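Residue-level structural notes
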Amino acid sequence: MKPARSKTPRKLVVKKGSQTSLKDPVGVYCRVRPLSFLDQECCIEVINSTTVQLHTPEGYRLNRNGDYKETQYSFKQVFGTHTTQKELFDVVANPLVDDLIRGKNGLLFTYGVTGSGKTHTMTGSPGEGGLLPRCLDMIFNSIGSFQAKRYVFKSNDRNSMDIQCEVDALLERQKREAMPNPKTPSGKRQVDPEFADMITVQEFCKAEEVDEDSVYGVFVSYIEIYNNYIYDLLEEVPFDPIKPKWNSCSTPMRNTDFVPPQSKLLREDKNHNMYVAGCTEVEVKSTEEAFEVFWRGQKKRRIANTHLNRESSRSHSVFNIKLVQAPLDADGDNVLQEKEQITISQLSLVDLAGSERTNRTKAEGNRLREAGNINQSLMTLRTCMEVLRENQMYGTNKMVPYRDSKLTHLFKNYFDGEGKVRMIVCVNPKAEDYEESLQVMRFAEMTQEVEVARPVDKAICGLTPGRRYRHHPRAGPVGDELLVTEMVLQSFPPLPSCEILDINDEQTLPRLIEALEKRHQLRQMMTDEFNKQSITFKAMLQEFDNGVLNKENYIQGKLNEKEKVISGQKLEIERLEKKNKTLEYKIEILEKTTTIYEEDKRNLQQELETQNQKLQRQFSDKRRLEARLQGMVTETTMKWEKECERRVAAKQLEMQNKLWVKDEKLKQLKAIVTEPKTEKPERPSRERDREKPPQRTVSPPPVPNVPPLRLRHRRSRSAGDRWVDHKPASHVQTETVMQPHVPHAITVSVANEKALAKCEKYMLTHQELASDGEIETKLIKGDVFKTRGGGQSVQFTEIETLKQESPTGRKRRSSTVAPAQPEGAESEWTDVETRCSVAVEMRAGSQLGPGYQHHAQPKRKKP
């Protein structure tokens, strides 16, 4: 069985700068512009060459302690209000131009709020050229005599350069010169007086090390990033795309030749570097020519009049200076026709649009949309810096959001180790820009902690140095050699006269021969002496070289050791600084958290004291209310006890009176019945009476002389909990004195989950007819429990029954059916007495009160 074939691993792309572990932090410099008026309030103060301090202006809110806050920020170097453009250039831009000539990339951008002096720092003003013209001047001063002919280098659309021989370059120059409107500016053209004062630099500046065995070419391009779109400012269009012509009706004129500018796209070349595809690159041969190209694009840049700045930049501008370098061939006469030997380095000068608040600029419409896009791109730049800093400080590997903005996507290679990065923070010290300046300072302080890998040095082509001047010796060394030869000849003895006047002259030639022999001997002696001295000098030189070499090796070893120690110390210092900053940041967060917690603690303590006082007041009120209610209950109890005793005594007296009246009536009736009669009246037979018993009449109820009773409610035994009182819709309300009453109850006709969730007890009222025909009410009670599924269940615990009975349901003796009497007994008297006692209002000793109705047989009338 064949082994499984493994997949070929993907080849890792090694970027430039990843081969070295040395990193440099982003160089951040601060420049403070002077105030526009002397009486303006200032909020920024320069403490020393590396520190500035921000003061809170008058009228701004105070900090938590009630004092005005003062914050200090440190930079690599701070330039005050009296700093000249030359001083700023020497410190910030000069090293970047030096690296550009040595084949390394560089990025320099100005950052700040609107009106802080960014464009002045980058471009300059009449009489004070900015960083851009000074960089161009230093480049052409350094490579002026080593520039290649025009069109020897030719740019393509792949972010690289093609090279052609001088014959092809000459043909292309002739072809371009024959065109009616050449696109490339001519170096013979007179300088535009509009910017002539800007490029006139009094100080001569030149790079220290320039490769004399190479030729150079300079190409410039100029783009702007407007509303997150890239536009080429050097692109040739028939009309101005930003300011089209307008007619008298304030509408744009229709013209078929008008072509709006097309936005450009970002591409990645074979070396994984980002570039603008289709961007115009112009080859220039002088400072004047390069600045003329810049000025032509500057007129197309979008600017607008805002509330804060009369000419506010509405876009980010990027001016790229590309330096192409190719070595000479072995003879030193022509350019080496090998594309692989071409070295391309680039210096990008970026003038960022100012961050601004719309409520201050009074922006509307397009200005408002432009400000939003500007702030969004600057926020993306800040986010990228924060992620880079976090990845480097804490060892994380978060993705840097370069692609969120065209600005950061274009320069992502610089932060990945493709060159040095420098930033100039421009600030305006006036008090109105305090909040914006505070945000700029925080961003600058955070950017300083981002480290960028050092770029790798270019490889040496391997050709012999000094090829350019090999066939063209310089005048200085040749003159010195002739002077030495003349001095040696003067040290020889003079030659005698060589003129022979006579054929027989035999003295002239011998004297000449003798003089020549002396010269030869002297020359031989000088040669021997020179050889001896040269040998001695060579030995001394060899010994000296050996000593120097030993010393160099020793010194080099010591230097290596010192460099290792210094590198270790630097790494330790950097680690400690990072740790210190991290701890300071944590301390600051803890201090803020502590302050918040202390404030919350004070608030909670105050709230607790307030609640305690409220509880004390409520407790006092409750005690007073309890004492008052106790007194009222005692007083009411005593009052009703007395009233009850009075009513009982009155009722007893009344009953005694009624009993006496009844006894008297009975005696009278008994006397009437027992009185002897001579003539017995005819009376109906018993049978006839039994056949048709008389109907009972209802005696009218006597009117009691008592106060009406108040309806009372029967209180449930579990009145402390919350109840669900379930009474069906068919419930009949009874008019009994005792009624069930449950406080804090939710009355429902149909049981539902919402009501059960709010209560702990459940009571169902059920009514049915009893056997005697009366309504019987049952109160079925139970406890409410929560189930595991989130619902409620009821467990029934007890049943209370409420029943009422009518006194008419009491059994009485009927007069129709008489009990059997023994013989000789006086049954008539007993029957009459019994019926009479029932016929009266109430029976003696009965428990019924005077308020009930009674039924009895009617009294017999006398015949």
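Residues numbered from 1 in each chain as written. Predicted model: local features only at pLDDT ≥ 70, side-chain atom pairs only at ≥ 80, totals over all residues. Heavy atoms only, no water.

1. Observations regarding the overall build of the chain
Counting secondary structure elements, the chain contains 16 helices and 31 strands. Burial analysis of the chain (863 residues in total) assigns 32% to the buried set. Once local pairs closer than 6 in sequence are excluded, the contacts in the chain between residues at least 24 apart make up 70%. Summed over its atoms, the accessible surface of the chain is roughly 58100 Å², and 52% of this surface lies on carbon and sulfur atoms. (Helix = DSSP H or I, 4+ residues; strand = E, 2+ residues; numbered from the N terminus. Buried < 20%, exposed > 50% of the residue type's maximum accessible area, 1.4 Å probe, protein only. Contact = heavy atoms within 4.5 Å. Areas by Shrake-Rupley, 256 points an atom, 1.4 Å probe, with all protein chains shown as cover.)

2. Points about the packing of aromatic side chains
Evaluation of the coordinates by the stated rule reveals 9 aromatic pairs. A ring pair is formed by Tyr 222 and Phe 294, whose centres lie 5.1 Å apart and whose planes are at 40°; its orientation type is tilted. Of this pair, Tyr 222 sits in strand 12 (residues 214–226) while Phe 294 is found in helix 6 (residues 287–298), placing the two residues 72 residues apart along the sequence. Here Tyr 222 falls in the buried class, since its relative accessible area comes to 2%. Between Phe 294 and Phe 319, the ring centres sit 5.3 Å apart and the planes meet at 85°, which makes this aromatic pair edge-to-face. Note that Phe 294 is positioned in helix 6 and Phe 319 in strand 19 (residues 316–327), a separation of 25 residues in sequence. In this structure, Phe 294 and Phe 319 share a single accessibility class: buried. An aromatic cluster is defined as three or more aromatic residues linked by ring pairs; in this entry it consists of Tyr 222, Phe 291, Phe 294, Trp 295 and Phe 319. (Phe/Tyr/Trp six-rings, centres within 6.5 Å; stacked < 30°, edge-to-face > 60°.)

3. Describing unusual backbone geometry
Here the phi dihedral of Asn 159 falls at roughly 60°; this positive angle occurs in a residue that is not glycine. Relative to the helices and strands, Asn 159 is located in the loop between strand 10 (153–155) and strand 11 (161–163). What makes Asn 159 partly exposed here is its relative accessible area of 21%. If you check the backbone angles, His 272 has positive phi at about 65° while not being a glycine. With respect to the secondary-structure elements, His 272 resides in the loop between strand 14 (266–268) and strand 15 (274–276). We classify His 272 as partly exposed; its relative accessible area is 27%.

4. Some words on the side chain of Gln 346
Structurally, Gln 346 is set in strand 20 (residues 343–351). Discounting chain neighbours no more than four positions away, the residues touching Gln 346 are Leu 100, Lys 104, Asn 105, Gly 106, Asn 320, Ile 321, Lys 322 and Tyr 414.

5. Here we look at the sheet that holds strand 30 (residues 792–803)
By definition, the strands of a sheet pair up through backbone hydrogen bonds, in either a parallel or an antiparallel sense. One open sheet accounts for 5 strands, arranged 27-25-28-29-30; its pairing is mixed. The sheet is open, and its two edges are formed by strand 27 (745–748) and strand 30, each paired on a single side. Pairwise comparison of adjacent strand axes, ignoring direction, gives a mean angle of 25° for this sheet. (Pairing = 2+ DSSP bridges. Axes fitted to C-alpha atoms, helices over the stretch in contact; angles between N-to-C directions.)

6. Some points on a nonpolar patch on the surface
Taken together, Tyr 394, Tyr 585 and Ile 589 make up a surface patch of nonpolar side chains, about 310 Å² in accessible area. Summarising the element assignment, Ile 589 is placed in helix 13 (residues 508–674). (Patch = residues over 30% accessible without salt bridge, like charges linked within 9 Å, V, L, I, M, F, W, Y side chains within 5 Å. Salt bridge = Lys/Arg side-chain N within 4 Å of Asp/Glu carboxyl O.)

7. Quick look at the pairing of strand 28 (residues 761–769)
With 4 bridges joining them, strand 25 (residues 723–726) and strand 28 adopt parallel strand pairing. Its bridge partner being in strand 28, Trp 723 is matched across the sheet by Lys 761. Note that strand 28 and strand 29 (residues 775–786) share 9 bridges and pair antiparallel. The residue bridging Glu 768 from the neighbouring strand is Glu 776, located in strand 29. In this structure, the hairpin formed by strand 28 and strand 29 is closed by a connection of 5 residues, where Gly 773 is found at a positive phi of approximately 85°.

8. Observations concerning the confidence of the model for the chain
Averaged over all residues, the pLDDT of the chain equals 77, while 73% of them reach at least 70. This stretch, residues 693–718, has a pLDDT under 50; its non-local contacts, to residues over four places away or in other chains, come to 46 contacts. (pLDDT = per-residue confidence, 0-100.)

9. Remarks on the pattern of salt bridges
Following the criterion strictly, the structure yields 29 salt bridges and no others. Between Lys 86 and Asp 90 there is a salt bridge, and its shortest N-O distance comes to 2.4 Å. Of this pair, Lys 86 and Asp 90 both sit in helix 1 (residues 85–101), 4 residues apart, which is roughly one turn of that helix. Between Asp 162 and Lys 339 there is a salt bridge, with the nearest N and O atoms lying 3.0 Å from each other. In this pair, Asp 162 is assigned in strand 11 and Lys 339 in the loop between strand 19 and strand 20, connecting sequence segments 177 residues apart. By relative accessible area, which is 27% here, Asp 162 ends up partly exposed. One salt-bridge network, held together by shared partners, links Asp 99, Arg 102 and Lys 420.

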